[in-house]
Amino acid sequence: MDIPRIPLGNWIEGGLNWLTSEYSLVTRGISRFTQTGINSLNDSLMWLPEWALLAIIALLCWKIASIRLAIGAAAGLALIWNLGLWNPMIETLTLVVIATFVAVVIALPVGIAAALSERLYRLIMPALDFMQTMPAFVYLIPAIPFFGIGSVSAIFATVIFSMPPAIRFTTLGIRQVPVELIEAADAYGATRGQKLVKVQLPLSLPTIMAGINQTIMLALSMVVIAAMIGADGLGSEVWRAIQRLRPGDGFEAGIAVVILAMLLDRLTQSLRKSRQ
Amino acid sequence: MDETRSVKIQVRGLSKVFGKQPKKALELRDQGLKRPEILEKTGQTLGLSNISFDVYEGELLVIMGLSGSGKSTLIRCLNRLIDTTEGDIIIDGENIPTLGEKALLECRRRHFSMVFQNFALFPHRTVQQNAEFGLEIRGIDKVERRDIAHTALKQVGLEGWEDAYPNQLSGGMQQRVGLARALANDASVLLMDEAFSALDPLIRKDMQQELLQLQSKMQKTTVFITHDLDEALNIGDRIVLLKDGEIVQIGTPEEILTQPADDYVRRFIEGVDRSRVLTAESAMRPVRTTARSSDGPRTALHRMRDHSIDSIYVTDRDRHLLGLLEAETASRAIEAKAETITDYLTQDFRKVPPEEPLQNLFAMFSEKSFPIAVVDKQQRLLGVVVKGAVLDELARAGEQ
Ligand SMILES: Nc1ncnc2c1ncn2[C@@H]1O[C@H](COP(=O)(O)OP(=O)(O)O)[C@@H](O)[C@H]1O
Ligand SMILES: [Mg+2]
């Protein structure tokens, strides 16, 4: 006897279609808003002369981290500039910054809520597992009917893909706060809000920063992949090199991604350490 | 005990069951079962059973018992860090177990400061910020709370450490911060859960001494928990003895030592009956400093200051005891430009021979509580006995 195949794909497609038609006004609004954000951040970063932005970033590295990182950042950025990849690098950076910002803005309250409510915790953790293990490309497909080809779709997919660590680490950080300290705060009559702001969040900050660091790294990798659905930036340079079979160009863009990744990673890590 | 003192906290019929069906556990309790049987039958722990006692205004009440006797549970029921199962806890007319969430917060802020066994300092806050915590929670403005916290830190001897972080301090200093946090808060009751148990013995003695000094200055109502008889005898005005979640005796250290309520208490202070054979000599300490009759008042006063005492025994060259000089009197002698202190001595103190039974000494500590002088037959000063030493000696005898 033949067991009929379960039309899982059809159902999901039907659901997505319904969502897109039902909420087209909303999605179009979001799309326009996000695109404006992307454009203005891009424009202002590109309005600065290359050397000026390079100096600002190096200075930032020096202030937050070390002179070594400052020198490394300056050298790396100079190489990107020299290779003629400055503007794609800015476009990628913009996407990462915006996607990370949105992801963190959503992740913090969700992570806090999951830490404070056992019910929510049991609901959210499997959802996070699902989000993280689903192959990254799959998010790109529904993004298109919602937001069309381009950078907005890229950000949508990136936010979903990169958000889980920020949620997870926020929850973990808050749950790790020793019970004695919670008890001490209670004993002095702290409200829930005071406990959160004065004890739980400050003590979990290093852990939360570790989560944000991971979110940034995931966002960068996704933004590069999102070139497949028309996101601008270093990813599209790689994509073009593949189509034209020019490995040299591909590697140059790839190296630019690596430099950007290392810069963002070291910078957020030292931000975390300086807070401890 | 002094019936005229006003009652600060009234605890009546307080019970606590850890578990999901407290009613069942209490039913069994009412049928006369004890903690171990109730645990076996219901899987629930009878943490506290039918506890009633008063905490008087300004006293230092010690709750003592072995580990697991329910001390931490009891102190946490007072400020409701643990919800009670039945009974009343009344402070200034409010019944704590029935308070709503808001009223409970308000009650904790107004009435309770707490010091914890493992300090529970906030590692991300400086010493100063830790001391300010209670005030910050209550919304006291910045300038005011800085001053108050500063004063509290000074009281516990931590001036100059305001900007350090807790992990830069030794255990003893950390607990001073914990104490400063509690003092700064100026709540009406101080709760201390084994506050000195994590400290090493010498530092622990110091802290007990300092707590006593603070206590005599501020008269703060204090509930102090310990599992250590020595500590309880040393600092307690009264002691509540807990066993398996029940009170076995309430009384002053003297009462507990001299009239143990039952065999349990007797075993706790076992050997203490030997107080009958213990004598003044065993609790006597060498005199740290004396004055000579030929000394001027300034010299005598200077010696008292050096040893932080406010009276000094005066002897002749052969250590014959002549009298006692109080700091106040010495000051008057200085004003009167007296050459020697001979005319300013008092005989208003107790002296005993070395073979005086220790138990007789309890009654001798007068209001002013000068140390008792121990003298030989020729009236030579051999040593002194201070109040704490009598209890220490009895306690030590109990441990042997
Ligand atoms: N949260 C809890 N759940 C179950 N049992 C508890 C809990 N807290 C304390 N107990 C039990 O209650 C009894 C008294 O504990 P506690 O008040 O901590 O004793 P103490 O402070 O005197 O050592 C112990 O038997 C302990 O195991
Ligand atoms: Mg305890």
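Shown above is the structure to which this text applies.
Rules used in this analysis
Residues numbered from 1 in each chain as written. Chains lettered and ligands numbered in written order. Predicted model: local features only at pLDDT ≥ 70, side-chain atom pairs only at ≥ 80, totals over all residues. Heavy atoms only, no water. Contact = heavy atoms within 4.5 Å. Buried area = accessible area lost by both parts, 1.4 Å probe. Salt bridge = Lys/Arg side-chain N within 4 Å of Asp/Glu carboxyl O. Helix = DSSP H or I, 4+ residues; strand = E, 2+ residues; numbered from the N terminus. Nonpolar A, V, L, I, M, F, W, Y, C, P; charged D, E, K, R; others polar. Buried < 20%, exposed > 50% of the residue type's maximum accessible area, 1.4 Å probe, protein only. Pairing = 2+ DSSP bridges. Phe/Tyr/Trp six-rings, centres within 6.5 Å; stacked < 30°, edge-to-face > 60°. Lys NZ or Arg CZ within 6 Å of the ring centre and 35° of its normal.

Q: I would appreciate a short explanation of the interface of chain A and chain B in the present structure.
A: A common way to express how large an interface is: the accessible area buried when the components associate. Across the boundary between the two partners, chain A contributes 17 residues, which contact 24 residues of chain B. With both sides pooled, the region where chain A packs onto chain B buries about 1,800 Å², and carbon together with sulfur makes up 64% of that total. The largest contributions to the chain A side of the interface with chain B come from A:Ala187, A:Tyr188 and A:Lys198, which together make up 40% of the buried area. On inspection of chain A and its partner chain B, the count reaches three salt bridges. As a salt-bridge pair, A:Lys198 and B:Glu136 come within 2.8 Å of each other at their nearest N and O atoms. Elements supplying a minimum of two residues to the side of chain A that touches chain B: α9 (179-187) and α10 (192-225) of chain A. A total of seven residues in the side of chain A that touches chain B trace back to one element, the largest contributor, which is α9(A). Looking at side-chain class alone, the side of chain A that touches chain B contains nine nonpolar, three polar and five charged residues.

Q: What is the right way to read the pattern of salt bridges from this model?
A: Side chains that carry opposite charge are capable of pairing whenever their charged atoms lie near each other. Residues and elements named next belong to chain B. Following the criterion strictly, the structure yields 28 salt bridges over all chains and no others. We note a salt bridge from Glu194 to Lys71, for which the minimum N-O separation is 3.7 Å. In this pair, Glu194 is assigned in the loop between β7 (189-193) and α8 (201-218) and Lys71 in helix α3 (residues 71-78), connecting sequence segments 123 residues apart. In this structure Glu194 comes out as buried when scored by relative accessible area, which is 8%. Asp83 is the salt-bridge partner of Arg80, the closest N and O atoms lying 3.0 Å from each other.

Q: Honestly, the sheet that holds strand β4 (residues 86-91) of chain B in this entry has me stumped. Any pointers?
A: Strand pairing within a sheet occurs via backbone hydrogen bonds; the two strands may be parallel or antiparallel. Residues and elements named next belong to chain B. Within the open sheet, the four strands sit side by side as β2-β1-β4-β5. Their pairing is antiparallel. The open sheet terminates on both sides in strands that have one partner only, identified here as β2 (45-56) and β5 (94-95). Bridging between strand β1 (residues 7-18) and β4 involves five bridges; their strand directions are antiparallel. Across the sheet, residue Gln10 finds its bridge partner in β4, namely Ile90.

Q: Just checking my understanding: could you explain the packing of aromatic side chains for this structure?
A: Two aromatic rings, taken as a pair, are described by how far apart their centres are and by the angle between their planes. All names here are of chain A. A full pass over the atoms with the stated rule returns nine aromatic pairs over all chains. Plain terms: the ring middles of Trp18 and Tyr23 are 6.3 Å apart, the flat faces sit at 85 degrees to each other, and that makes the pair edge-to-face. On the basis of relative accessibility, which here comes to 49%, the residue Trp18 falls in the partly exposed class. According to the relative accessible area criterion, Tyr23 is partly exposed, its value standing at 40%. Summarising the aromatic geometry, the rings of Phe146 and Phe147 are spaced 5.9 Å apart at their centres and angled 50 degrees between planes, so their arrangement reads as tilted. This pair shows no difference in class: Phe146 is buried, exactly as Phe147 is. Counting every residue linked through ring pairs, the aromatic cluster contains Phe146, Phe147 and Phe156. Seen from the ring of Tyr121, Arg175 lies directly overhead, with NZ or CZ sitting 3.9 Å from the centre.

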